[in-house]
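# Topology and contacts: notes
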Amino acid sequence: MEGGSVPEAAGQMSREMRLNKALARAGICSRRRADELVFSGRVKVNDGVVREPGIRVDPEKDSIIVDGRPVKIETEQERELVHVMLNKPVQVVTTTSDPGGRAKVTDLLPDRLRRMRLFPVGRLDYFSQGLLILTNDGDLAHSLTHPSRKIPKIYRVKMRGDLSKKKLQIMRRGMVLSEGEKLAPVEVKILQQTRDSVLAEMTLVQGINRQIRRMCRDLGLVVLSLVRIRQGPLALGDLKPGEWRYLEPGEVSQLRKWSSRTNHPQPLLNQGGG
């Protein structure tokens, strides 16, 4: 830390938590994004800039400031955890702020939820659509996006070009992107094929940025539309683009089960699937 230090007295350990977890609990962002904020020097603890997201802080005693603004971290008793499913439309960014002034996923929520500082779990790119979870539950968000969980996400993808058997085999056995990133095998099911286009479902278990679009690019295919229809135990169902709904308690419970294991044998909920 460049400044004050954060003591770790034995008597306060029960309240202490890692800084990145504290920021996620406050609804500032996901725990992974909190790491980026800390590394970039945008976070102060007790008036000193910190660059280590793993330091322990006491939310009741330590002063935490992000970008010059004090952060309030509610206690377990004060916190109201909210979990929302949104059908993200195209041309909307999956962030809580955008310097370019583009429409954000949080703009689609009512004022009450925006005040609760929900943030998206994972991302969908600007021209992609579909199922997106937003929450202020930093612990759950961290577990859902942790690479070790391998929680499957299913996309319905319309492509222009020839999706040949050879290209299918390359996707299904795991390919290497032109940038050098090695991909896990992708399950691909063709739903419809015409002379000009192919409609397929793809199941991914990694969090590689723009993975489907980059796979298709390397295989000479052009993505015409991309919709995420399932994530773990959740399915988009008949939720229309731009619409949102609260997750049911049973759905949140299912998400917690899926996020705590690396095997996912449970059936998917909402079998309608979008």
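That block above? That's the structure.
Reference entry: report on the structure contained in this document. (Residues numbered from 1 in each chain as written. Predicted model: local features only at pLDDT ≥ 70, side-chain atom pairs only at ≥ 80, totals over all residues. Heavy atoms only, no water.)

### Structural notes on the packing of aromatic side chains
Any two aromatic rings considered together are summarised by their centre-to-centre distance and by the angle between their planes. Put simply, the rule reads: For Phe, Tyr and Trp, where Trp contributes only its six-membered ring, two rings pair if their centres lie within 6.5 Å, and the inter-plane angle classes them as stacked under 30 degrees, edge-to-face over 60, or tilted in between. Think of it in three bands: residues with accessible area under 20% of the maximum for their type are buried, residues over 50% are exposed, and the middle band is partly exposed, with areas taken using a 1.4 Å probe on protein chains only. Lysine NZ or arginine CZ positioned within 6 Å of the ring centre and within 35 degrees of the ring normal marks a charge as sitting over the ring.
On inspection of all chains with the given rule, the structure shows 2 aromatic pairs. Here the aromatic rings of Tyr-126 and Phe-127 are separated by 5.0 Å at their centres, their planes lie at 75°, and the arrangement is edge-to-face. Ring plane angle 85° and centroid distance 5.0 Å describe the contact between Trp-244 and Tyr-246, whose orientation is recorded as edge-to-face. Residue Tyr-246 is classed as partly exposed on the basis of its relative accessible area, which comes to 41%. It is Arg-102 that lies over the ring of Tyr-126; its NZ or CZ is 5.1 Å from the centre.

### Topic: unusual backbone geometry
Using the following cut-off: The secondary structure listing takes helices from DSSP runs of H or I that are at least 4 residues long and strands from runs of E that are at least 2 residues long, numbered from the N terminus.
Positive phi, normally seen in glycine, also occurs at Arg-117, with a value near 60°. Judged by its relative accessible area of 41%, Arg-117 falls in the partly exposed class. One non-glycine residue, Arg-210, adopts positive backbone phi at about 50°. Within the secondary structure, Arg-210 sits in the loop between strand S12 (197-204) and helix H6 (211-218).

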